Each structure stands twice: as structure tokens, then as C-alpha cells.
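The chain contents come next:
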Amino acid sequence: MTITRYKVLPGDYIGEAPPGPLPTNTYKIGNKLYTLKIGLAEVEDKEVKFIPLAGPYIPRINDFVVGTVVDLNAFTWDVDINSLYMAHLPSQDVFGRNFSPTSHSLSEQFKVGDMLTAKIIAYDRTRDPLLTVREPGLGKVLRGEPVVLSPSKIPRLIGKKGSMAKIIESKSKTKLIIGQNGVIIVQGPPDGIVLAIKAIHLIEEKAHVPSLTSMINELLSKGV
Amino acid sequence: MIKLIDENGLRLDGRRFDELRPVKIEVGVIKNANGSAYIEHGKNKIVAAVYGPREVHPKHLLIPDRAIVRCRYHMSPFSTEERKPPQPTRREIEISLVLRRAMECVLFLEEYPRSIIDVYVEVLQSDGGSRCASITAISAALADSGISMKDLIVGCASGKADGQIILDLSDIEDKEGEGDMPVAYMPNLDKITLLQFDGIFSEEEFKKALDLAIMGNKKIYEVLRKALMEKYFKTEEK
Amino acid sequence: MSFKRSSIIENLRKTQMLDLLSKQKRLDGRALNEYRPITIRLNPIQKANGSAEVSIGDTKVIAGVKVETGEPFPDTPQQGLLIVNAEFLPLSSAMIEPGPPDEDSIEVSRVVDRGIRESQMLNLKELVIEPGKLVYCVFVDIDILNIDGNLFDAAFIAAVLSIATAKYDKKIVNEGKEEITKTPLPLRLIPVSVTSITIGDNILLDPTEEEDSVHDSRMTITFDEEGHLCAGQKGGSVGLSVEQLFKIVDLSKPKAEEIRALIKKVISNAYP
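Structural notes, computed from the coordinates. (Residues numbered from 1 in each chain as written. Chains lettered and ligands numbered in written order. Predicted model: local features only at pLDDT ≥ 70, side-chain atom pairs only at ≥ 80, totals over all residues. Heavy atoms only, no water.)

## Some remarks on the packing of helix α5 (residues 190-206) of chain A against helix α6 (residues 212-222) of chain A
Residue and element names in this part refer to chain A.
So, point 1. The contact between α5 and α6 brings their axes to 10 Å, and the two run at 155°. As the angle between them shows, α5 and α6 are arranged roughly antiparallel. At the point where α5 passes α6, the crossing takes the right-handed sense. Contacts between α5 and α6 involve Leu-195, Lys-198, Ala-199, Leu-202, Ile-203 and Lys-206 from the former and Leu-212, Met-215, Ile-216, Leu-219 and Leu-220 from the latter. (Axes fitted to C-alpha atoms, helices over the stretch in contact; angles between N-to-C directions. Helix = DSSP H or I, 4+ residues; strand = E, 2+ residues; numbered from the N terminus. Parallel < 35°, antiparallel > 145°, perpendicular 65-115°, else oblique. Left-handed = near helix turned anticlockwise from the far one by under 90°. Contact = heavy atoms within 4.5 Å.)

Structure below.
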């Protein structure tokens, strides 16, 4: 079976619409399938897959995200997750069922300006995303430098089976906490952080270049 | 009265009736924006940038099942022959409106309910056809932002000077000519998203002017495609 | 992407920044007294009398000069007018909303204005056509296109370059006949501003937006060609010690000379 890859712009014709649901980022007129974004369309027999190269972060259930607390009231924290909607972390998620606004203070747990890692547990078109921190590895981020990358380029930063992220981590002696929403926390020694940020900026600029891995290797070997 | 077309059929800047001015597009010029583009179309120099989709403030403006679009077309004080005071004029407000409507035709607003998309256009230097050049830049910026859109949009005017139908009017042809017809067009859908005209056109002239504008738009579409491809798929190093 | 974000600085970022600075490091790898690359495009706007696009790192501004005629101010009948106006275009950042100039853009306008005026960059007395009645007005309009810190210096360099290279239509009456000649503005010298911030005990020149968002105080000093201080503006809500201020002057002065050399080189390359 051969896969044909097309470089497409919004409105480009990709082929006949396949049976069943429409591939993401496409629409159809009659039986003809068109694209909605800049990206790569992979057509294999009747199957069409679309990889967008730009676009905002749209929340998905079970996504791991990095956010910033921007507001709190007696019952929830409002968390900016670099998306078109504000996410909410309910106080019960942190304090449990026995939560009472009179005996618990939300700001003891997360203050405005604090960053946290969380998972999206609920979201649909009509409601803002709901977060949880009740899983191992989730919660307040205590150190590191936040960096933002276009959400559509996060897969490139991670690489095949995490290969790209591993290269950056090992060569810059840092640890990357990568949110699917495009927010990354870089932890490690100062030189390492400066170097890892350079690598992330290079991915932002050259995400589409096939030789990206070797470019990243070269950059990291040069050091600060 | 100024003669706009000479006996050899050449216009003041040496173009034939169906020739475009030079068009240059660059994508991704404003780092902070979610999408941006710069266009030079004749002497027009225009930047467009997109922010969003993002949260709506104040909340009462939001629409539950789709995104709202806001557009601001603005001319810099130094963009015109005589200095233009910075506060928006009625002309700028109207152009903002027609540009917004033109882009609402292609945007998949249902995909982003309860959000807002802000589109800002700044004319750094103006020439004839600045609203047409603006819509081309906007469409490049929207594509760059990755907001779902059914097609790209390109803009180009036609008009009438010295009794002839001509393509892509310059400043002086716009001012001294007999008619001006800005047209924005969606090339894949083959539909018009913006149309205004003033002047006297016979029915035949009107048809001819529209055909000519669409022909010009198809040429600009090629330039726009090339600019987007350059930004997103260019692999070799400079 | 949130408006609320504008006033909130990640606590993490501030902690991390102080940690880096304690090792005399900046996030982009620069030394504390180092500027980002300054790139200049002269005369991008042909319809203006003079114009310049200036980038410092990712901060980008464009300035255009228009020279028109008008009435002088009543208190300076023997002087031409200089009017500086900066606008933060809403396309420059997610935090900027359309609308009339807010206090930040007015501050940039006024700091640039004072630097140019007080250094006596222009001899405004030469811009009089008829004393008390008709003078030349020099409008300097500055568009902020992309915000990444240090708007003061980017706006100042763009304004200075567009004034220094502007040519206006000067009316000269010669043997009873009125002639118009393209004339450069009456330039005396090239002033330069240098902006720094303090974070704790550290002084950083040319702050990025990220650094600026955690500053304690900010200082912009304008120097004339003789190294005199001719305008200054302190920003930020934390006090500055006299000792720190002297240190800032010591750091800024040689930097002003470097930038002036760059500006002069750009002008002489374009107009040898």
C-alpha cells in the first residue's frame, strides 16, 4: 500500500470523502474532501490522515497540561492552560470531599501565579475544561523555567517515542515537563536551561525541516 | 483632467489594462501574534495579525455556539501623503466592517464556541486598493494562525479609467478614474466575499470589470500560496 | 491567551530568574550589560519625509516623520514644532487592546520627546517661516509593531534615525520667486537613550519582556554627544539606591556611545 503525502493549504482538495466520519481538519462539499488548515495530508487507499502544522490548543480529555493559576475563589482555581478557554480546578479535587470553604483556604495550596501540572478530566463544547491533580506526578511545579511552544509542534519536541526530548534532556542535563498545551517547564542547572530553551526555540522555527534532529544535535554540542 | 491611459494603451506606471502591480507577501512577521503576514501590493505596505481564538471579555458578548470576530483596520499617521491623525475615521471603521464580513465567509467559527478572534490590520503606507491588499494579508495571517478556514481569500480591484476597464487601480487611477470595484474572492470555492463599487458602469462594463478582478485575484492567489508554502514547507537553509 | 494573564507573573519565573541572575546569567545567554542585536531598515515608508524600522531582538517598531506647516505655540513664537506620538498597535501583543493611547504609550511618547528636545537634537529656531504665525511642524509618529521589552530604546533609535534622515519641502523665496527645495532638518547632534532594569542587586541593560515583567525598577537615561545626561525616567514600583543609580549611569554611558556609533554608521552608509 502506498502512502501519498500532500503539502496542503486551507481549501485545498485532497480527494474523495472517505466513508464514515470526516478526518479532523477537513470538510466536504458533496463527495469532495477539502482541508481547513495548513498541514500534511496523508492519503492511503481510502484513508485520509491530516497533520496540522499550526493551530490553537483545543483541550482534550486525558491531556497532560501545564498551567498558571490566575484566579481563585472559595471553590475553584482558574487555571490558564494556553487555550481559548480557562480551565478550572475544583477545590474538592485537592481537599477531598470534606472540603469546606470555612476550614480550608485555597491559597495555602496554590497561589495566584503558581504553576501546576494537571490532567483534563472533563471538557465539551459547552463547558470549560475541568482539571485534576490527583494522580502521581501532578500538582505544583516548584522549580524550572516555563517556555511556550506552538501546540502543533509539541509532537516534534517529543519526537518518535520521546527521542527528541531525550536528546535535549541528556545533552543539556535538564528535565523537560512537556504539557500537550504547548507549555514546557525546563528544570536543571542555569547553563542547561539556557541551552534547552535555545533548542526549543529552534524547534519552533524549524519544526518542518527533516534534518531537525541533526540540527538540534549540532546546537546542543556547541553548548552555551 | 489627467490622461490615465496613453495612445499605446499604457497606463501612467507603464502597465497594460490587465496587469497587476508587483505583489510581495511574507508570513509570520509579528512574533507575538498567533498568526501574521506582511503584504506589499503596489505602494501599499500592510501588516495583519491574528490573536485568538481566545476568551471573550466582557462575558456578555460571547455567543454560545460559535466564535465572534473583531476586526480593526487602521492607517498609520505617516501612511498617507498628508499626515493622518491617529484616531480612526469613518472610512477606517467601514473598511473594518467589510473586511470582517469578508473573512467570516471562510472561517469555521462553529469550531470555537464562546471565543473571540481578533484581527488587526495596520496600513503602514497606503496606495489604491488597500482594502483588497488587506484581505489578502488577513487571509495569510489566519492561515498562519491555524484557525480552521474553508478557503483562502485574495483581494484585487478593477475599475474604469479613460473609458476603459482596467485591473488593480493605483492611487491616482482610483482618484482620477471613472470607477472603482474592489473584489475579494475565494479561489477554491469560486465565490466573492467582498464587493463594493462606485462610478458609472454599463452592465457590460460591470461584467467585464468583475471578470478582470477575478482574473487578477487568481494571480495573487498564486503569490499567496507561494508565501505560505515558503514559511511552512521550505526545507533548505538560506 | 488570557487577558487575566497580563497582570500575573508566574511565581516560578521570578524564582528562576533570581537563581539565574545569582550566577550572572540571562535566559537568552547574554551578559548583563549586553544588548540584543539591533537591526535597522532605513526609509521603508516612501510617503513619509523620513522613516526607520528598528528591531532590538524581537521588539520591533517603525517611526515616520511628516513635516507640515502650522501655527507655532504661543509661548514659543520663534520655534518650529516637534510632536512625538507613539502608539502601541493592538497587533503588537495579546495584552494590547484597541483604543485611545493609554498611559504606557503616552509615557513612551513623552520620554522619547524629552530625549530629543532636551538634547537639542534639532535647532527648532531654523524651522520658522513667519515668526508667531507660520512654522514647520515635525510630526514623529512611532508604531510599536511587536513588544518584547525595551520599547523606549527601540522607539528612540527609530525616532532619531527618521528625524536625522528626513528631507522636507522648504519654501525659499529667491528673487521674488518661490522655490521648493528638499532640505534635511536642522540637525545638531545624535542623542541616544539607554534603558536598564534592576532585579534585586542586579542591573540588566536592554531587558526582554520576560525580564521586564519581574523588574524592581527601570531607568532610561538619554545622553547627548558630549556624554551629558539630558533626560531620564525612572519606572517600576521599587526604590533605587543612589549607589545603584550611579552604577547604572556608569554602565549606560559607554553603551550609549556604542549605539551612537551604530546609528552614525547606518546614516553615513545610506547618505555618504
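So that's the structure; there's more coming.
## Overview of the packing of helix α4 (residues 163-172) of chain A against α5(A)
Residues and elements named next belong to chain A.
So, point 1. Packing of α4 against α5 brings their axes to within 9 Å, and their N-to-C directions diverge by 150°. The orientation of α4 relative to α5 falls into the category roughly antiparallel. Helix-helix and strand crossings are classified by hand; for α4 and α5 the assignment is right-handed. Contact residues: α4 offers Met-164, Ile-168, Lys-171 and Ser-172, while α5 offers Gly-192, Leu-195, Ala-196, Ala-199 and Ile-203.
So, point 2. Along the lines of polarity and charge, the residues of the contact of α4 with α5 split into six nonpolar, two polar and one charged. (Nonpolar A, V, L, I, M, F, W, Y, C, P; charged D, E, K, R; others polar.)

## Quick notes on the environment of Val61(C)
So, point 1. With respect to the helices, strands and loops of the structure, Val61(C) is situated in strand β3 (residues 59-70).
So, point 2. In the structure, Val61(C) is positioned 45 residues away from Gln16(C) in sequence and 30 Å away in space, judged by C-alpha atoms.

## Remarks on the pairing of strand β10 (residues 115-124) of chain A
Residues and elements named next belong to chain A.
So, point 1. Counting buried positions along β10 yields seven of ten residues, so the element is predominantly enclosed.
So, point 2. Judged from the five bridges that link them, strand β7 (residues 64-72) and β10 form a sheet pairing that is antiparallel. Within the sheet, the bridge partner assigned to Val-66 lies in β10 and is Thr-117.
So, point 3. As paired elements, β10 and strand β12 (residues 139-140) share two bridges and run antiparallel to each other. (Buried < 20%, exposed > 50% of the residue type's maximum accessible area, 1.4 Å probe, protein only. Pairing = 2+ DSSP bridges.)

## A few points about the packing of aromatic side chains
All names here are of chain A.
So, point 1. Applying the stated criterion across every chain, the model contains twelve aromatic pairs over all chains.
So, point 2. Here the aromatic rings of Phe-75 and Phe-99 are separated by 6.2 Å at their centres, their planes lie at 75°, and the arrangement is edge-to-face. One end of the pair, Phe-75, is in the loop between β7 and β8 (76-80); the other, Phe-99, is in the loop between α1 (91-95) and α2 (106-109), and 24 residues separate them in sequence.
So, point 3. A residue is classified by how much of its surface remains accessible, and Phe-75, at 47% relative accessible area, is partly exposed.
So, point 4. Geometrically, the ring pair formed by Trp-77 and Phe-95 is stacked, given 6.2 Å between the ring centres and 25° between the ring planes. Highlighted residues: Trp-77 in strand β8 and Phe-95 in helix α1, separated in sequence by 18 residues. Phe-95 carries the same exposure label as Trp-77, and that label is buried.
So, point 5. An aromatic cluster is defined as three or more aromatic residues linked by ring pairs; in this entry it consists of Phe-75, Trp-77, Phe-95, Phe-99 and Phe-110.
So, point 6. Positioned above the aromatic ring of Tyr-13 is the side chain of Lys-32, whose terminal nitrogen or guanidinium carbon lies 5.9 Å from the ring centre. (Phe/Tyr/Trp six-rings, centres within 6.5 Å; stacked < 30°, edge-to-face > 60°. Lys NZ or Arg CZ within 6 Å of the ring centre and 35° of its normal.)

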